[in-house]
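Coordinate analysis (summary)
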Number of protein chains: 2
Amino acid sequence: MVVKVYGPDYANPKRVPVCLIEKGVEFETVPIDIFKDENKAPEFLKLQPFGSVPVIQDGDYTLFESRAIARYYAQKYKHQGTDLLGKKIEETGLVEQWLEVEAQCYSPPITDLIYKIVFDPIRGLTPDPKLIKESEDKLCKVLDIYEERLSKSKYLAGDFFSLADLSHLSLTQYLMGKMGKEYLIRDRKHVSAWWDDISSRPSWKKVVELWPGLY
Amino acid sequence: MVVKVYGPDYANPKRVPVCLIEKGVEFETVPIDIFKDENKAPEFLKLQPFGSVPVIQDGDYTLFESRAIARYYAQKYKHQGTDLLGKKIEETGLVEQWLEVEAQCYSPPITDLIYKIVFDPIRGLTPDPKLIKESEDKLCKVLDIYEERLSKSKYLAGDFFSLADLSHLSLTQYLMGKMGKEYLIRDRKHVSAWWDDISSRPSWKKVVELWPGLY
């Protein structure tokens with residue numbers, strides 16, 4: 001049974017293909033064009049009532065929310081491909097802690113920054129430098145804590161690559177590309193080494209190759 | 001070994017005591033007064049570098065982020081107390097899906113509403129009715145989807161009480177109290193029945209009894 005991934009063409013949904021590649025799970029993609037409101041179509045809303053991407057269908061099982069899908073496959077194929085959850089339950093606890101930090105502390109300011117710099121101009125809006133500075137300052141505070149953490153362990157949850165690191169790939173890739181914000185990563189020695197490590201994994205290289213226009 | 005819970009006196013941290021009570025895990029609390037910046041004290045920042053509550057210490061194991069802590073204990077004591085993760089892995093996937101919905105879709109507008117109605121006036125700010133209306137409208141859209149979901153299953157992830165339901169308790173309790181927003185729940189038949197069910201669990205009643213001033 002090949003897993004169907006709906007709407008993988010945007011940043012957050014990329015958590016799903018990169019996770020499936022790490023786990024060696026075959027998948028096919030179903031594009032959902034949110035600029036054409038395909039995510040608001042009645043058929044799609046039956047799968048995902050909030051009209052968000054991604055969604056997966058695996059036989060008759062449907063699941064949405066990128067981090068929930070990644071957790072599901074990390075657990076379902078625990079002993080296949082890369083172990084993304086840690087060996088001991090205390091390690092899994094730390095994976096979950098840093099996944100929550102990514103969702104609650106890292107994603108909000110980086111998403112704000114991406115919208116202001118990348119998407120607002122596409123929509124004809126002029127970004128306000130003061131608001132960009134505010135988002136960047138918030139992100140810097142988070143990255144300073146990451147720098148401290150990554151000076152003590154190779155990856156966020158410990159000395160093993162996990163779902164917590166994987167979950168940072170798609171949004172961070174934006175900083176390193178068109179946005180011209182690479183220095184936020186490069187100015188921090190341990191964050192920079194961590195980024196080089198996680199972004200050079202074959203799984204992420206494959207995702208960037210599959211969706212080259214995104215970044 | 002008794003689990004130490006730091007800073008359980010606020011809404012989001014309540015996920016931890018209610019989870020520990022459901023699992024039958026003994027704990028003691030260490031108050032952290034964020035109005036006195038105790039969360040910014042160097043000793044506290046060693047436990048939680050972002051200066052947020054809650055944090056737990058369990059022997060020499062430290063963990064932060066309320067949902068991560070709840071997941072850790074739900075998994076560690078899977079076969080003790082209430083099973084909060086579902087029996088099959090597909091059920092656990094749905095628990096994670098609705099936990100993410102709570103974190104990404106439900107919490108932001110309800111938190112906005114609580115800040116505008118409860119905390120801004122305490123800080124001498126006059127709430128803007130237009131902004132209150134905006135947050136309420138966003139929350140209503142989420143609750144409409146919950147109403148549809150809860151017309152089909154007794155709880156969010158299926159016909160079993162889970163971490164996904166538990167995670168909604170602390171913020172929703174605000175609507176039902178001083179805020180005067182009870183109608184947001186009561187106007188929706190299935191959401192209303194779900195609230196009555198989950199909020200009458202002995203675990204939640206105990207939490208409200210332990211921290212009576214909060215709501």
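Residues numbered from 1 in each chain as written. Chains lettered and ligands numbered in written order. Predicted model: local features only at pLDDT ≥ 70, side-chain atom pairs only at ≥ 80, totals over all residues. Heavy atoms only, no water.

The name that an unreviewed UniProt entry assigns to chain A is glutathione transferase, with the source organism given as Eucalyptus globulus. Under the UniProt heading Subcellular location (unreviewed entry), the entry covering chain A gives this text: "Cytoplasm, Cytosol". (UniProt positions renumbered as here; feature names shortened; annotations may be inferred.)

1. Looking at the interface of chain B and chain A
Facing 28 residues of chain B, the contacting portion of chain A comprises 28 residues. Between chain B and chain A the total buried area reaches about 2500 Å² when both faces are included, carbon and sulfur atoms providing 70% of it. Across the chain B-chain A interface, the total number found is six salt bridges. For Arg 67 of chain A, the salt bridge is made with Glu 100 of chain B, and the minimal N-O distance between the two is 3.6 Å. At the junction of chain B with chain A, the criterion picks out eight residue pairs in polar contact (both at pLDDT 80 or more). Sorting the residues of the side of chain B that touches chain A by element identifies β4 (61-64), α3 (66-76), α4 (89-122) and α5 (129-150) of chain B as the ones contributing at least two each. Here the element with the most residues in the side of chain B that touches chain A is α4 of chain B; it accounts for twelve residues. Here the residues of the side of chain B that touches chain A sort into 16 nonpolar, five polar and seven charged. (Contact = heavy atoms within 4.5 Å. Buried area = accessible area lost by both parts, 1.4 Å probe. Salt bridge = Lys/Arg side-chain N within 4 Å of Asp/Glu carboxyl O. Polar contact = N/O pair within 3.5 Å; in protein donor to acceptor, adjacent residues only side chain to side chain. Helix = DSSP H or I, 4+ residues; strand = E, 2+ residues; numbered from the N terminus. Nonpolar A, V, L, I, M, F, W, Y, C, P; charged D, E, K, R; others polar.)

2. Comments concerning the relation of the copies chain B and chain A
Structural alignment of chain B on chain A gives an RMSD of 0.0 Å, achieved by rotating through 180° and translating 0.0 Å along the axis. Both copies of the chain, as the preceding transformation shows, are related through a two-fold rotation axis. (Least-squares fit on C-alpha atoms with pLDDT ≥ 70 in both.)

3. Looking at the sheet that holds strand β2 (residues 27-30) of chain B
Residue and element names in this part refer to chain B. Strand order across the open sheet formed by four strands is β2-β1-β3-β4, with mixed pairing between neighbours. Looking at strand neighbours, the two that pair on one side only are β2 and β4, the edges of this open sheet. Each neighbouring strand pair of the sheet contributes to a mean axis angle of 20°, computed without reference to strand direction. Across three bridges, the pairing between strand β1 (residues 3-6) and strand β3 (residues 55-58) is antiparallel. Residue pairing across strands places Tyr 6 opposite Val 55, the latter belonging to β3. Here α3 sits on the sheet and contacts β1, β3 and β4; the angle it forms with β4, its principal contact strand, is near 130°. (Pairing = 2+ DSSP bridges. Axes fitted to C-alpha atoms, helices over the stretch in contact; angles between N-to-C directions.)

4. As for the packing of helix α1 (residues 15-23) of chain A against helix α10 (residues 202-210) of chain A
Residues and elements named next belong to chain A. Interhelical geometry of α1 versus α10 gives an angle of 135° and a closest axis separation of 9 Å. As the angle between them shows, α1 and α10 are arranged oblique. For the crossing formed where α1 meets α10, the hand is right-handed. Here Pro 17, Val 18, Ile 21 and Glu 22 of α1 come into contact with α10, specifically with Ser 203, Trp 204, Lys 206 and Val 207. (Parallel < 35°, antiparallel > 145°, perpendicular 65-115°, else oblique. Left-handed = near helix turned anticlockwise from the far one by under 90°.)

5. Some details on the packing of aromatic side chains
Going through the model one piece at a time under the given rule, you end up with 26 aromatic pairs over all chains. With a centroid separation of 6.0 Å and an interplanar angle of 80°, the aromatic rings of Tyr 155 of chain A and Phe 161 of chain A are classed as edge-to-face. Comparing Tyr 155 of chain A with Phe 161 of chain A, the two get one shared label, buried. Aromatic pair Tyr 73 of chain B and Tyr 77 of chain B: ring centres 6.1 Å apart, planes at 5°, arrangement stacked. Cluster of aromatic residues (ring-pair linked, three or more members): Phe 50 and Phe 64 of chain A together with Trp 98, Tyr 106, Tyr 146 and Trp 194 of chain B. Above the ring of Trp 211 of chain A, the side-chain terminus of Lys 14 of chain A is found at 4.5 Å from the ring centroid. (Phe/Tyr/Trp six-rings, centres within 6.5 Å; stacked < 30°, edge-to-face > 60°. Buried < 20%, exposed > 50% of the residue type's maximum accessible area, 1.4 Å probe, protein only. Lys NZ or Arg CZ within 6 Å of the ring centre and 35° of its normal.)

6. Focus: the pattern of salt bridges
Applying the stated rule across the entire model yields 40 salt bridges over all chains. For Glu 100 of chain A, the salt bridge goes to Arg 71 of chain B, with nearest N and O atoms at 3.0 Å. Of the two residues, Glu 100 of chain A sits in helix α4 (residues 89-122) while Arg 71 of chain B sits in helix α3, which places them in two different chains. For Glu 100 of chain A, a relative accessible area of 2% gives the class buried. On the basis of relative accessible area, Arg 71 of chain B is assigned to the buried category, the value being 5%. The partner of Lys 152 of chain A in a salt bridge is Glu 148 of chain A, and the shortest N-O contact between them spans 2.8 Å.

7. Section: the domain arrangement of chain A
All names here are of chain A. Domain parsing of chain A yields domain 1 (3-81) and domain 2 (89-200). Relative to domain 2, the C-alpha centre of domain 1 lies at a distance of 22 Å. In this assembly, eleven residues from domain 1 lie in contact with 14 residues from domain 2. At the boundary of domain 1 with domain 2, total buried surface from both sides reaches about 1000 Å², with 64% on carbon and sulfur atoms. Our count for the domain 1 to domain 2 interface comes out at three salt bridges. Note that Glu 102 is salt-bridged to Arg 67, the shortest N-O span being 2.7 Å. Its residues assigned to classes, the side of domain 1 that touches domain 2 shows five nonpolar, one polar and five charged. (Domains from an automatic or database assignment.)

8. Remarks on helix α3 (residues 66-76) of chain A
Most of α3 of chain A sits out of view: nine of its eleven residues are buried. Turning to α3 of chain A, its buried residues are Ser 66, Arg 67, Ala 68, Ile 69, Ala 70, Arg 71, Tyr 72, Tyr 73 and Ala 74 of chain A.

9. A short note on the pairing of strand β4 (residues 61-64) of chain A
Residues and elements named next belong to chain A. Pairing geometry for strand β3 (residues 55-58) and β4, over four bridges, is antiparallel. Counterpart to Asp 58 in the pairing with β4 is Tyr 61. Two successive antiparallel strands, β3 and β4, enclose a turn made up of two residues, where Gly 59 displays a positive phi of approximately 65°.

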